[in-house]
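These are the residues of each chain, in order.
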Amino acid sequence: MGYFIADTLIGLVCGVQSDKPTVTTDSLNKHIPNGETLCIQSVCVDKGHRKKGIAAGLLRSYIEYIKQLTPRPKRICLCAHDYLIPFYTKAGFKVTGINKQFQWGVFSITLMDVLTI
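Please read all numbers here as calculations on a predicted model, not as lab measurements.

Quick notes on the rules
Residues numbered from 1 in each chain as written. Predicted model: local features only at pLDDT ≥ 70, side-chain atom pairs only at ≥ 80, totals over all residues. Heavy atoms only, no water. Salt bridge = Lys/Arg side-chain N within 4 Å of Asp/Glu carboxyl O. Helix = DSSP H or I, 4+ residues; strand = E, 2+ residues; numbered from the N terminus. Core = buried A, V, L, I, M, F, W, Y, C linked by side-chain atoms within 4.5 Å. Buried < 20%, exposed > 50% of the residue type's maximum accessible area, 1.4 Å probe, protein only. Contact = heavy atoms within 4.5 Å. Pairing = 2+ DSSP bridges. Phe/Tyr/Trp six-rings, centres within 6.5 Å; stacked < 30°, edge-to-face > 60°. Expected span 1.5 Å × (residues − 1). Disulfide = S-S within 2.5 Å.

## As for the pattern of salt bridges
- Evaluated as defined, the whole model comprises four salt bridges.
- Here Glu36 makes a salt bridge to Lys74, at a shortest N to O gap of 3.7 Å. Taken together, the residues Glu36 in the loop between helix H1 (25-29) and strand S3 (37-45) and Lys74 in the loop between helix H2 (54-67) and strand S4 (75-81) connect sequence positions 38 residues apart.
- Taken together, the salt bridges that share partners define one network made up of Glu36, Lys74 and Arg75.

## Focus: the nonpolar core
- By size, the foremost hydrophobic cluster in this structure holds 17 residues, and its most contacted members are Ile40, Leu59, Ile76 and Phe93.
- The element contributing the most residues to this core is H2, with seven residues.
- Core analysis: the second largest hydrophobic core is formed by six residues, Val16, Leu28, Cys39 and Cys77 among them.

## Here's the deal with the environment of Ile5
- Looking at the secondary structure, you find Ile5 in strand S1 (residues 2-5).
- If we ignore the near neighbours within four places in the chain, the residues touching Ile5 are Ile10 and His49.

## Brief notes about the pairing of strand S2 (residues 8-18)
- Relative to S2, S1 is paired through four bridges, and the arrangement is antiparallel. Its bridge partner being in S2, Gly2 is matched across the sheet by Leu12.
- Linking S1 to S2, which pair antiparallel, is a turn of two residues; within it Ala6 sits at a positive phi near 55°.
- Sheet analysis places S2 next to S3, joined by eight bridges and oriented antiparallel. Bridging from a neighbouring strand, Gly11 pairs with Val45 of S3.

## Quick word on the packing of aromatic side chains
- Inspection of the entire model under this criterion finds three aromatic pairs.
- Aromatic pair Phe87 and Tyr88: ring centres 4.9 Å apart, planes at 75°, arrangement edge-to-face.
- An aromatic cluster is built from Phe87, Tyr88 and Phe93, whose rings are joined through pairwise contacts.

## A look at H2
- Here H2 is 14 residues long and its end C-alpha atoms lie 20 Å apart, about the 20 Å a rise of 1.5 Å per residue gives.
- Here H2 has its buried residues at Ile54, Ala55, Gly57, Leu58, Leu59, Tyr62, Ile63 and Ile66.

## Observations regarding the state of the cysteines
- Applying the stated criterion to the full structure yields zero disulfides.
- The structure places no disulfide on Cys39, whose sulfur is separated from the nearest cysteine sulfur, that of Cys77, by 4.0 Å.
- The buried category is assigned to Cys39, whose relative accessible area is 0%.
- Free of any disulfide, Cys79 has its nearest neighbouring cysteine sulfur in Cys77, separated by 7.4 Å.

Without other data, these values stay purely geometric and don't point to any function.
Shown next, in the form of structure tokens:
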């Protein structure tokens, strides 16, 4: 799902369905149609357009879109850098633990899971 100004992509959110209950490297790389978990892969906004509510709006719209799927996934989950935890908790996600499978650079990656949809 994307956010455009004129014909320019400003932000996007995307994910894949998985048969795993949490985010794993396998679940992010392989889409399983009708999987019971939706793993969000990316929420991105161009630097010049950040802090304007675009990411939050995209995320809300994406979650509403996912809720309309048939069959509907049982959960939505993602991994995020620690500094993004306030953003995702404000969107309704909850921290469920540290996912040690993901260690990118100096940031620890925290596994987060939205309340069951």
